[in-house]
Amino acid sequence: MRPVPHATSLRRAPVQRRSAERLTRILDACAELLDEVGYDALSTRAVAVRAGVPIGSVYRFFGNKRQMADALAQRNLERYTERVTDRLKEAGAGDWRAAMDAVLDEYLAMKRTAPGFSLVDFGNQIPVGARQTEPNTRVADRLTKLLSGYLGRTPDEDLRRVFLVAVESADALVQLAFRTDPQGDEAIIGETRTLLRAYLGRVLD
């Protein structure tokens, strides 16, 4: 079992293994129910029943369902970072095109397969339909730290701005791709990849 990151929305961070396992079950149940009933119909009681834990266990970690969704979004970001990191280990250091493919491909894979991801991804769709800027900034910051060493670049404001523009652009186009086709319109995804290569090439080549 992978550890659950200590999300800022947690009332209390798990200390013992048993507590961490219970938190994992709660977040897994939250993700499954988001896909099945949506955010509006989600309830802490339903999550407790699905997770097989007392309702008090849910409230030990979360004051409400919004905090639960925030913690799920944080876990999504941690897992996404792990997936991208694993992909980068297979690529040659300094190959920004391979890095870009890893960043985009792993996001698409999670969007297609990770429970609850279509509603909360990294935190920018609750309430449903809202596209807030903070999560994309968080992703850009994470990618700046993750990719700067791999690319041999200084993680300064210029590089961070480049990644923020790339993340915001890709986010808008990927949302369009998934509005067009539930599995992501491949033609639009291809155009997204072309756009990112042209923009990043101007800066990173």
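Procedures and definitions
- Along each chain, residue indices are assigned from 1 in the same order as the chain's sequence is written.
- Thresholds applied to this predicted model are a pLDDT of at least 70 for local features of residues and 80 or more for the giving and counting of side-chain atom pairs; totals over whole chains, interfaces and linings are not thresholded and use all residues.
- As a rule here, side-chain values cover all heavy atoms of the structure and leave hydrogens and water aside.
- Any Lys or Arg side-chain nitrogen located within 4 Å of an Asp or Glu carboxyl oxygen qualifies as a salt bridge.
- Helix and strand assignments come from DSSP, with helices taken as H or I runs of at least 4 residues and strands as E runs of at least 2, each series counted from the N terminus.
- Only Phe, Tyr and Trp rings take part, Trp by its six-membered ring, and two of them pair if their centres are within 6.5 Å. Stacked means planes under 30 degrees apart, edge-to-face means over 60, and tilted covers everything else.
- The buried label applies to any residue whose accessible area, calculated with a 1.4 Å probe on protein chains only, is under 20% of its type's maximum; exposed applies above 50%, and partly exposed to all values in between.
- In this analysis the charged atom, NZ for Lys or CZ for Arg, is taken to sit over a ring once it is within 6 Å of the ring centre and within 35 degrees of the ring normal.

Peer 1: So, the pattern of salt bridges: which residues are in play, and what are the values?
Peer 2: Following the criterion strictly, the structure yields 19 salt bridges and no others. Arg 75 is paired through a salt bridge with Asp 28; the nearest N and O atoms lie 2.8 Å apart. With Arg 75 in helix H4 (residues 65-90) and Asp 28 in helix H1 (residues 17-37), the pair connects residues that are 47 residues apart, well separated along the chain.

Peer 1: Please provide a residue-by-residue account of the packing of aromatic side chains, values included.
Peer 2: Inspection of every chain in the model, using the stated rule, returns six aromatic pairs. Their ring planes at 50° and their centres at 5.2 Å tell us that Tyr 80 and Phe 122 sit as a pair that is tilted. Residue Tyr 80 is located in helix H4, and its partner Phe 122 is located in the loop between helix H6 (117-120) and helix H7 (134-151); the two are separated by 42 residues in the primary sequence. Phe 122 matches Tyr 80 in its accessibility class, with the two residues each being buried. Exposure remark for Phe 122: the relative accessible area of 6% places this residue in the buried category. One aromatic cluster is present, formed by Tyr 80, Tyr 107, Phe 117 and Phe 122 through successive ring pairs. The side chain of Lys 65 reaches across the aromatic face of Tyr 39, ending 4.6 Å from its centre. Here Lys 111 stacks its cationic end above the ring of Phe 178, 5.2 Å away from the centre of that ring.

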